Amino acid sequence: MLYDNLGINSQGHLTIGGLDAVDLAGEFGAPLYVLDEDQVRANCRTYVTALREHMPQGSMPLFAGKALCFKSLYPVLEEEGMGADVVSPGEIYTALAGGFPADRLYFHGNNKTDEDIAYALDSGVGCFIVDNHQELARLDEAAGRRGMRQRVLLRVTPGIDPHTLQAINTGRIDCQFGVPIETGQAARFVADALSREHLEVEGFHSHIGSQIFEAEPFCDAVDILLDFAQAMRRAHGFVVKTLNLGGGFGARYQESDPVVDIPGNIKALSEHLRRGCEEKDYPVPRVLLEPGRSIVANAGLTLYRVGGVKTIEGYRSYVTVNGGMTDNPRYALYHAPYTVLPASRMNDPRDFRCTLAGRCCESGDLIQENILLPQPRRDDLLAVLTTGAYNFTMASNYNRLCRPALVMVAGGKARLAVRRQTFADLVACDL
Ligand SMILES: *Cc1c(COP(=O)(O)O)cnc(C)c1O
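Residues numbered from 1 in each chain as written. Predicted model: local features only at pLDDT ≥ 70, side-chain atom pairs only at ≥ 80, totals over all residues. Heavy atoms only, no water.

For this particular structure, what's the right way to read the site of the ligand?
Taken together, the neighbourhood of the ligand is formed by 15 residues, with K66, S210, E290, R293 and Y390 sitting nearest. Here an oxygen atom of the ligand sits 2.9 Å away from a polar atom, N or O, in the main chain of G292. One of the side-chain nitrogen or oxygen atoms of Y390 is found 2.5 Å away from an oxygen atom of the ligand. Bound to the protein, the ligand loses 93% of the 380 Å² it would expose on its own. When its residues are assigned to classes, the shell around the ligand shows three nonpolar, seven polar and five charged. (Near = heavy atom within 4 Å. Polar contact = N/O pair within 3.5 Å; in protein donor to acceptor, adjacent residues only side chain to side chain. Areas by Shrake-Rupley, 256 points an atom, 1.4 Å probe, with all protein chains shown as cover. Nonpolar A, V, L, I, M, F, W, Y, C, P; charged D, E, K, R; others polar.)

Help me understand the environment of P285, please; the structure alone is not making it clear to me.
Mapped onto the secondary structure, P285 falls in the loop between α9 (262-280) and β13 (286-289). Assessed through its relative accessible area of 2%, P285 is described here as buried. Remark: the alpha-carbon pair of P285 and R350, spanning 65 residues in sequence, is separated by 52 Å. Residues within four places of P285 in sequence aside, it is in contact with P56, V240, K241, T242, L243, L273 and C277. (Helix = DSSP H or I, 4+ residues; strand = E, 2+ residues; numbered from the N terminus. Buried < 20%, exposed > 50% of the residue type's maximum accessible area, 1.4 Å probe, protein only. Contact = heavy atoms within 4.5 Å.)

Any chance you could explain helix α6 (residues 133-145) here in plain terms?
Each turn of an α-helix holds 3.6 residues, which means side chains three or four residues apart point in the same direction. For α6, with 13 residues, the first-to-last C-alpha span of 19 Å sits near the 18 Å given by 1.5 Å per residue. Regarding α6, the residues found buried are E135, L136, L139, D140, A142 and A143. On its buried side, α6 packs onto α5 (114-123), β8 (127-130), β9 (150-157), α7 (185-194) and β11 (199-205). The opening residue of α6, the one whose side-chain oxygen lies 3.2 Å from the backbone nitrogen of Q134, is N132. Looking at the residues trailing α6, positive phi occurs at G147, about 65°. (Expected span 1.5 Å × (residues − 1).)

How should a negative patch on the surface be read in this particular structure?
Side chains of E214, E216, D220, D223, E278 and E279 sit close together on the surface and give a patch of like negative charge. Put simply, the parts of the chain that give the negative patch at least two residues each are α8 (216-236) and α9. No other element matches α8, which puts three residues into the negative patch. Along the chain, the position of E278 falls in helix α9. (Patch = residues over 30% accessible without salt bridge, like charges linked within 9 Å, V, L, I, M, F, W, Y side chains within 5 Å. Salt bridge = Lys/Arg side-chain N within 4 Å of Asp/Glu carboxyl O. Lys, Arg positive; Asp, Glu negative; His and termini not counted. Charge placed at Lys NZ, Arg CZ, Asp CG, Glu CD.)

Put into structure tokens, the structure is as follows:
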């Protein structure tokens, strides 16, 4: 099995967190997102413990809400000592609705509108991660009008290519996020920020990419950020208190993916950072990380019912399921790999090669190609693993399909966290 929280029971059914997947689909319907809360908590603890152990005081992981965002996730994050990174007023609203403390929110975005800025300031968001000059000016003005001084981090791009998919690679210079160091623009960005009366600059932020399996690219980013910090200290006497190194540690989608040693990587990163600071006689800043995928991906799976099989003679067999790109657009977007299991027939021989197709009117609506299943029968239950990140949050109502429910599993019990949409929800905004 790809993960420890998965098992097979005496009926040959897949279990997650000790619960029978067939029972879950029976009770809550399919398609269904299932999230193992105990696994989410364990993943949070791995980060919190490693940062506490190896990094300076005040270091903290911030959960990246773009990976997964619904109300009752936030009490879990709060209890585990996480901060949270939010990218829109909608994510701020959701976190606050879940009782998350506003001062532990870090607000991202490369185009925060004036309304977004006002909403975040009035909500008491702890820190803004400022993306560009225009935002600096707008935020300074808005904070001034409220008689506030807002804590900020400045997003810079170190120009690192962590060798991942282009579409999820943001550390390169040529991208729409942050201000590049190499061109000299980041130096002007810092000078501008320090001159702003209503902003308190705490440090820098960089996010180099996603699905990264080792510490090395983060160490490279630290080198560049420390050189830059040193230059800024010389120029302005400004000393970085906080270094936010972004998210990006990977998840195992298939057996061939490595297991990421998060504590080991954080330890290596810490040693690298301390050595770099020592060489420059620079005070070691506290470190923030923004894990998304590595907190929730392996805690989630999606259950689907099989509709039927269509064999195109001389070509291939399509197995259709009652969901698709509406609940998981990642194969359609960038051919993301997944592991698919026959949840209701785990002990049957898997000798039927096929492509898993969704139900949307779109030939690109595939979940995975070239997989092996037992010869499928109508109403078989299938599980697509590792869908805890970037599935629920990327879902759509294409073809006016209702979004699935999300069930949280904890301590051997399941509870509905997000109910399935109804037809009435689909027309709720239609006038
Ligand atoms: C996407 C993103 C993250 C989370 O990345 P993961 O790969 O899910 O860990 C964190 N910070 C920023 C700025 C991001 O854009």
